[in-house]
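Structural overview for review
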Amino acid sequence: MVNSKIKIVDFGLGNFKQRIMTGDDNWTITYDIFNECKQLYKNKLSQEDSEIVDIISYKLKTDDKMPWEVDNSEKHFLKNNPTELWCEYLIFRYKLRVYPSLKKVIDFPVYLLIEPVSVCNLRCVMCFQVDKTFTKKPYMGVMKLDLFKKIIDEAVQGGTKAITLASRGEPTMHKKLGEMLDYASGKFFEIKLNTNGTILTEKLCHTILSSGVNSLVWSIDAPKKELYEQIRVRGNFDEVIDNIKMFNEIKEKYYSDSPILTTASGVMFREDQDIDEFNNFFKKIADQVALQPCEERWDTYFNEVQPDINNPCMYLWERMYIWFDGICNPCDVDYKSYLETGNINEKSIKEVWHGEVYTKLRDDHLSDKRSNWNPCDRCGIQ
């Protein structure tokens, strides 16, 4: 199956993770400020964390910058949380941002992406939901609340600091999403929720804003009705925009002190998508705007093999996905779990993270054997 409707345009957005942001880019953390934070946390540092703190201190003292380029979400957290949390938070961000580039396997994943549902109400033309062999059993389903709680409990005990509720499906379709958010509330530095915004309700807006979600991503690809509805098939542009405005009104009226950061996120692949138009429209109703190039993920496994792409994939050291049924995966480009690394119903998160499949994947990626794995051999993520 090939999605013949797609003709990808190169917008010059750079690599997979590049973003166009709105917001304050001038705020920085200094050596003196970090040392004050370090003193507040020094009695809680493990040997590994102490080494990270020393690296950060040295980099700030010698170069007046962090060991990685601090992004808007990190600045937002630091500006909206007490300094007592800064040292622990920056240690976590170092492990998330720097360890993958060093190909260092952390003891326990600091970032988990948990899938409440694999079902979606839209059929976006650039998404694997258009693959009719995917939108049926065994791939479609809803996560049980007990399994979700088990994952959260293990994550807290193991040291996970960030979770995203989303992956292959639309999380707001889970009838107990509110209970999930309530259970995860206050247990992580970062709780992110990705949504297409089509079925948002007033009740869910209040739940999101009261439960500690600090990053809400609106997945939306065009600022015009006709173009949006051509891309996000079954979606209604006017209803989505009204839902975003409803969320903003509820936030302003009832949760004016909420530190939640909203992002309008778009996938760019058509000639009639305009970057400036997108940015100018959505920066009025979201805190920041994020754009990324389109990946070929509507029929991943039959994409053309790309022999020139043989670099190790950062995801193998950065994150873990957990599907609705407990299956663990290194990424969601592999939406049918060819790369399944284990199941949380049978093993712990830590056992899967250090298990045979994950270890073999990492070793092969480091040994110029990425081409041994489908879809790694035809995927643009590096």
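Residues numbered from 1 in each chain as written. Predicted model: local features only at pLDDT ≥ 70, side-chain atom pairs only at ≥ 80, totals over all residues. Heavy atoms only, no water.

Examining the sheet that holds strand 5 (residues 215-219)
On the basis of which strands lie adjacent, the open sheet formed by 9 strands has the order 8-7-5-4-3-1-9-10-11 and mixed pairing. The strands lining the two open edges of the sheet, one partner per strand, are strand 8 (288-293) and strand 11 (342-343). (Pairing = 2+ DSSP bridges. Helix = DSSP H or I, 4+ residues; strand = E, 2+ residues; numbered from the N terminus.)

Looking at empty space enclosed by the protein
In total, this model carries 1 cavity of 30 Å³ or more according to the counting rule given. The volume enclosed by the largest cavity comes to roughly 100 Å³. In terms of residue class, the lining of the largest cavity is made up of 11 nonpolar, 1 polar and 1 charged. (1 Å grid on protein atoms, 1.4 Å probe; cavity = no way out; pocket = protein on both sides within 12 Å on 5 of 7 lines; lining within 4 Å. Points joined across faces, edges and corners; volume = space filled by probe spheres on them. Nonpolar A, V, L, I, M, F, W, Y, C, P; charged D, E, K, R; others polar.)

Some points on the pattern of salt bridges
One pass over the full model with this rule turns up 20 salt bridges. The closest approach of N and O atoms between Lys161 and Glu88, which form a salt bridge, is 2.9 Å. Placement of Lys161 in the loop between helix 6 (145-158) and strand 3 (162-165) and of Glu88 in helix 4 (residues 86-97) is noted, with a sequence separation of 73 residues between them. With a relative accessible area of 23%, Lys161 lands in the partly exposed category. Bridged by salt links that share partners, the residues Asp71, Glu74, Arg93, Arg97 and Glu190 form one connected network. (Salt bridge = Lys/Arg side-chain N within 4 Å of Asp/Glu carboxyl O. Buried < 20%, exposed > 50% of the residue type's maximum accessible area, 1.4 Å probe, protein only.)

Some details on the side chain of Thr207
Along the polypeptide, Thr207 turns up in helix 8 (residues 202-210). Dropping the residues within four chain positions of it, Thr207 is found in contact with Gly178, Leu181 and Asp182. (Contact = heavy atoms within 4.5 Å.)

Considering helix 8
Listed in full, the buried residues belonging to helix 8 are Leu204, Cys205, Thr207, Ile208 and Leu209. Buried residues belonging to helix 8 abut helix 7 (177-184), strand 4 (190-195) and helix 10 (237-254).

Brief notes about unusual backbone geometry
The peptide bond linking Lys137 to Pro138 adopts the cis configuration, its omega dihedral lying at 10°. Position of Pro138 relative to the elements: it lies in the loop between strand 2 (123-124) and helix 6. Cis geometry is found at the peptide bond from Asn374 to Pro375, where omega equals 20°. One non-glycine residue, Lys103, adopts positive backbone phi at about 60°. Turning to its location among the elements, Lys103 is positioned in the loop between helix 5 (99-102) and strand 1 (111-114). Despite not being glycine, Asp368 shows a phi value in the positive range, around 60°. Tracing the backbone through its elements, the reader meets Asp368 in the segment after helix 14 (356-366).

Quick look at helix 10
Over its 18 residues, helix 10 runs 26 Å from end to end, which matches the ideal 26 Å to within 8%, given 1.5 Å per residue. The inward-facing, buried residues of helix 10 contact helix 8, strand 5, helix 9 (225-231), strand 7 (261-268) and helix 11 (275-282). One side-chain oxygen at the N-terminal end of helix 10 lies 3.1 Å from the backbone nitrogen of Asp238; it belongs to Asn236. (Expected span 1.5 Å × (residues − 1). Polar contact = N/O pair within 3.5 Å; in protein donor to acceptor, adjacent residues only side chain to side chain.)

With respect to the packing of helix 6 against helix 7
At a closest axis distance of 10 Å, the pairing of helix 6 and helix 7 adopts a crossing angle of 20°. If you check the angle between helix 6 and helix 7, you find them roughly parallel. Relative to helix 7, helix 6 is oriented so that their crossing is right-handed. For the pair helix 6 and helix 7, the contacting residues are Leu145, Phe148, Lys149, Ile152 and Asp153 in the first and Glu179, Met180, Tyr183 and Ala184 in the second. Residues belonging to the contact of helix 6 with helix 7 are distributed by class as follows: 6 nonpolar, no polar and 3 charged. (Axes fitted to C-alpha atoms, helices over the stretch in contact; angles between N-to-C directions. Parallel < 35°, antiparallel > 145°, perpendicular 65-115°, else oblique. Left-handed = near helix turned anticlockwise from the far one by under 90°.)

Quick notes on the environment of Ser215
In this fold, Ser215 is placed in strand 5. In this structure Ser215 touches Ile191, Lys192, Leu193, Ile260 and Leu261, once residues within four positions along its chain are discounted.

Observations regarding the environment of Tyr31
Position of Tyr31 relative to the elements: it lies in helix 1 (residues 31-41). For Tyr31, a relative accessible area of 25% gives the class partly exposed. Placed 33 residues apart in sequence, Tyr31 and Asp64 show a C-alpha to C-alpha distance of 7.0 Å. Contacts of Tyr31, omitting those with residues within four sequence positions, involve Ser57, Leu60 and Lys61.

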